[in-house]
Structures are given as structure tokens and as C-alpha cells.
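A look at the structure
Each chain, written out:
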Amino acid sequence: MVAGHTLGFSKKAPPDTGAFSFIYPPTKDNLTYFASLLKEGGLVAIPTETVYGLAAKATDIAACQTVFTIKGRPLIDPLIVHVDGPEMAAKLAEWNDRADCLAKAFWPGPLSIILRKKPCIPDIVTAGLDTVAIRCPRHPDTLSLITEVGTGLAAPSANPFGYISPSRAKHVADSFGERVPYIIDGGSCEIGLESTVLDLSDNTTISVLRPGAISAEAISDVLKEPVLSTTKQIKDLPLSSPGTLLSHYSPTTPLELFSGIPPTASATEAVIFLKAPQNRLGNGQTFWFSESGEAEEIARTLFDLLRKLDRAGFTRIYCEIPAAPAVGLMLAIRDRLTRAAAK
Ligand code: TXA
Ligand code: MG
């Protein structure tokens, strides 16, 4: 089967051999097929506006277990459950007025809201916590898929644990090959960085556990309440949000960050700038995330360029980091680069 063909409705459509033949276009028939596969406990890699996710039906313990196994993810790191809207969310978690207010402002979109979970969410999804992170992704094909499955999809980013997140369907195939035989091609991710994770489970403090495209300030404006931003840099598990582990999103090639004056690189080293540089130093090969230096463009290309350079055989990658204090999406970019460079 080649991309462009539909799978047809069959329980055992095997992936064809050959490069990327397991990346399927989001035709109506394919989505129906993948919905049935998910309902039966299968796994499908799904596009979202942030990054690609590796999805399983959230109420299926065995399927969620397989997600952890394929990713090599520790069982103490909980998954985000993806829904098609507040109504589905309210079946899975203790929905409240604040969540409703935020959903009206930001869903579908890159905001994961942590709430008290309902009993139908198995412990494996939440790593035994009594809270669950829920979000409604802004990708039409994935929204249709969730509606067709009829319940939430637990989906971490579709990368091996600790490696750079996937912002293209091809990234998922590159990392997992035949271990993830079904990938829905939803194009390049609109945002390119993972969602903001917001803890709403505690009545007294509201805090951002992971910065993303929706800033603590924007959330605070909607709720008209203070919102803490806790970009912790903690080195060891267990954590309240293990994705806040310092080392994460890391390429295999040694990565060093700089701000201001660029390093003098050798011929085997790469230098990445946030925006197209005026001039370069040394013999290293020069790259940039964005022509303009706009945060949106940097976010969209960040994981793709890091992945490309990680495969290109450089002995070291130097990467420019936004200056502190960063806000909004620049804060998320700073956060991901800091983690990617952490040992
Ligand atoms: O944009 C995204 O959020 C992507 C796409 C696929 O939706 N997903 C994603 O999932 O980034 P993952 O598993 O790579 O990151 C989920 C983060 C982790 O930091 C995890 O610890 C945190 O959310 N998390 C999930 N449930 C939690 C909970 N109940 N309490 C605290 N943190 C939680
Ligand atoms: Mg992840």
C-alpha cells in the first residue's frame, strides 16, 4: 500500500514493507479503520497542533501499557488524555468552572488541564495519581478520530522516552519503524512544541507545570486569578509532573547552548541560530530555526532541525537560546532547549 491509498475497513490490514508506507493519509475510510483499531486496543500515532502523539484508548489498560513499553517510558510518568471537547472531558475528570472557562477560551488548543480523575481512568494512565491531564487537540482529523472512538485517547508525544519530540509524521517513523505501524499523516505540526500543562487539581494554587504556547499570563487573564509558573529543573523522578525532568527532548549528539556571542565551531560542528545570522564565526556549518526570529517560526522548526542535525554526523551542535527572562512561547522554547542540552 502506498500513501494516498485508503486502507479499507479490515481488521488486519498489515503495514506494507518499504519506507514510510505505514504513514497513512487521513481519509474518511482510514479514520474509520483507525477508530475501530483503537476501540479494539490497538495503537495509532496521531497528529496534533503541538506534536504527534502515540495514542491508545484511555480506558484500555493493556493498550496503555503497550504505549509505555514502546516508548521505553517509566510507568511513573502519567499520560495526557485527549478529548473532543468539555462534554467528553467531564466524563473522565471532575470538571469545574475554571476548567470550563479555560476550555471556552483555549480549546481546541495546546492546553492540558490537570483535574481530579474519575474512576473510569485506569491507574496506568495517571501513574497512580488521583489526577488526570486532559486536553482537546486542535487538529480536525484527530478530533474526528476521537469522536468516532467515543472516548478519550491517552497519548504521550510519539518519541522514545527522553528523545526529541516529533513534529512531522516522518519523525515518528524514523524513531519507531515497524513498532508503530499506523501513523496518520496530519502534516507538519502547526505549533511544534508540546502543550502547556496546567495544574487545576488543587483549589488553592493554579500552576503551569510545563510552559507551552498558552502562557501563564494568558491563563491568568482568563481566570482573573494568579497563575504560578513553575518551570522546575529537577533531576530525579518521582515528580509531581515527571515531564519537568531536567534532561528531556535530547539529541544523541552533544548539544551546547549559547546566548549572545556565538562559539567558534570546527568543521565537524554545527551552529544553530534562532534567526538568520548576519555573519558567522569559525568553520562550523551554520543553521537557523527562523528567518525572522519570531517565536512561532522557531517553535515550528525546532524539533525538526534538531532531529536532522542529530542524524547528520556532527560531533557537536551549538545552539542559540533565547535570552532570559523569556515570556510566552519564547519561554517554552528556552525550556525545551535547556532540557535538550541537560546531561
Ligand atoms: O502537546 C502535548 O501535550 C503532546 C500531544 C501529543 O498532545 N503530548 C505530550 O505528552 O507532550 P507527554 O506524555 O510527552 O507529556 C505529558 C506531560 C508530562 O510532563 C507528564 O508528566 C505530565 O504531562 N502529566 C500528565 N498527567 C499528569 C498529572 N496527572 N499530573 C501531573 N503531570 C501530568
Ligand atoms: Mg513527551
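Note: the structure precedes this text.
Analysis parameters
- Residues numbered from 1 in each chain as written.
- Chains lettered and ligands numbered in written order.
- Predicted model: local features only at pLDDT ≥ 70, side-chain atom pairs only at ≥ 80, totals over all residues.
- Heavy atoms only, no water.
- Pairing = 2+ DSSP bridges.
- Helix = DSSP H or I, 4+ residues; strand = E, 2+ residues; numbered from the N terminus.
- Axes fitted to C-alpha atoms, helices over the stretch in contact; angles between N-to-C directions.
- Contact = heavy atoms within 4.5 Å.
- Buried < 20%, exposed > 50% of the residue type's maximum accessible area, 1.4 Å probe, protein only.
- Salt bridge = Lys/Arg side-chain N within 4 Å of Asp/Glu carboxyl O.
- 1 Å grid on protein atoms, 1.4 Å probe; cavity = no way out; pocket = protein on both sides within 12 Å on 5 of 7 lines; lining within 4 Å.
- Points joined across faces, edges and corners; volume = space filled by probe spheres on them.
- Nonpolar A, V, L, I, M, F, W, Y, C, P; charged D, E, K, R; others polar.
- Polar contact = N/O pair within 3.5 Å; in protein donor to acceptor, adjacent residues only side chain to side chain.

**Focus: the sheet that holds strand S12 (residues 255-258)**
Here we have four strands laid out as an open sheet, ordered S12-S15-S13-S14, and parallel in their pairing. A single partner strand is all that each edge strand has here, and the edge strands are S12 and strand S14 (285-290). Neighbour-to-neighbour, the strand axes of this sheet turn through a mean angle of 25 degrees, independent of strand direction. Strands in contact with helix H9 (residues 295-310) are S12, strand S13 (269-275), S14 and strand S15 (316-320); relative to S14, the strand with the most contacts, it is inclined by about 150 degrees. Relative to S12, helix H10 (residues 328-341) is tilted by about 140 degrees, and along the sheet it contacts S12 and S15.

**Concerning helix H7 (residues 169-176)**
Buried residues dominate H7, accounting for six of its eight residues. Within the sequence span of H7, burial applies to Ala 169, His 171, Val 172, Ala 173, Ser 175 and Phe 176. Looking at the buried side of H7, the elements it contacts are strand S1 (23-24), strand S2 (44-46), helix H2 (61-71), strand S8 (183-184) and H9. Just past H7, the residue Gly 177 takes up positive phi, approximately 50 degrees.

**Considering the environment of Gly 192**
Mapped onto the fold, Gly 192 is located in the loop between S8 and strand S9 (196-199). Residue classification places Gly 192 among the buried residues on the basis of a relative accessible area of 0%. Along the sequence, Gly 192 and Phe 303 sit 111 residues apart, while their C-alpha atoms lie 7.3 Å from each other. Apart from residues no more than four positions distant in its own chain, Gly 192 is found in contact with Glu 49, Thr 50, Val 51, Ser 167, Ala 299, Arg 300 and Phe 303.

**Concerning the pattern of salt bridges**
This structure, assessed with the given rule, holds 15 salt bridges. Two residues, Asp 130 and Arg 116, come together in a salt bridge whose shortest N-O distance is 2.9 Å. Separated by 14 residues along the polypeptide, Asp 130 in the loop between helix H5 (123-126) and strand S6 (131-135) and Arg 116 in strand S5 (residues 111-116) bring together distant segments of the chain. Salt-bridge contacts for Arg 336 lead to Asp 335; the nearest nitrogen and oxygen are separated by 2.8 Å. Since its relative accessible area comes to 6%, Asp 335 is described here as buried. Several salt bridges share partner residues, and in doing so they unite Glu 194, Asp 335, Arg 336 and Arg 339 into one network.

**Regarding empty space enclosed by the protein**
Counting across every chain of the model gives two cavities of 30 Å³ or more. Counted as a void, the largest cavity has a volume near 60 Å³. When contributions to the lining of the largest cavity are tallied by element, the ones reaching two or more residues are helix H8 (216-223) and H10. Of the residues that constitute the lining of the largest cavity, the class distribution is five nonpolar, five polar and one charged.

**A word on the side chain of His 82**
By the secondary structure assignment, His 82 is in strand S4 (residues 80-82). At 3.3 Å, the side chain of His 82 and the backbone oxygen of Ile 80 are in polar contact. Leave out the neighbours within four places in its chain, and His 82 touches Arg 135, Pro 137, Ile 146, Gly 152, Leu 153 and Ala 155.

**As for the pairing of strand S3 (residues 53-57)**
Counted residue by residue, S3 has five buried out of five residues, so it is predominantly covered. Taking every second residue as pointing to the same face, both faces of S3 are buried, with Gly 53, Ala 55 and Lys 57 on one and Leu 54 and Ala 56 on the other. By the bridge criterion, three bridges tie S2 to S3 in an arrangement that is antiparallel. Bridged to Ile 46 within S3 is Gly 53. With two bridges joining them, S3 and strand S7 (residues 153-154) adopt antiparallel strand pairing. Following the sheet pairing, Lys 57 is matched in S7 by Leu 153.

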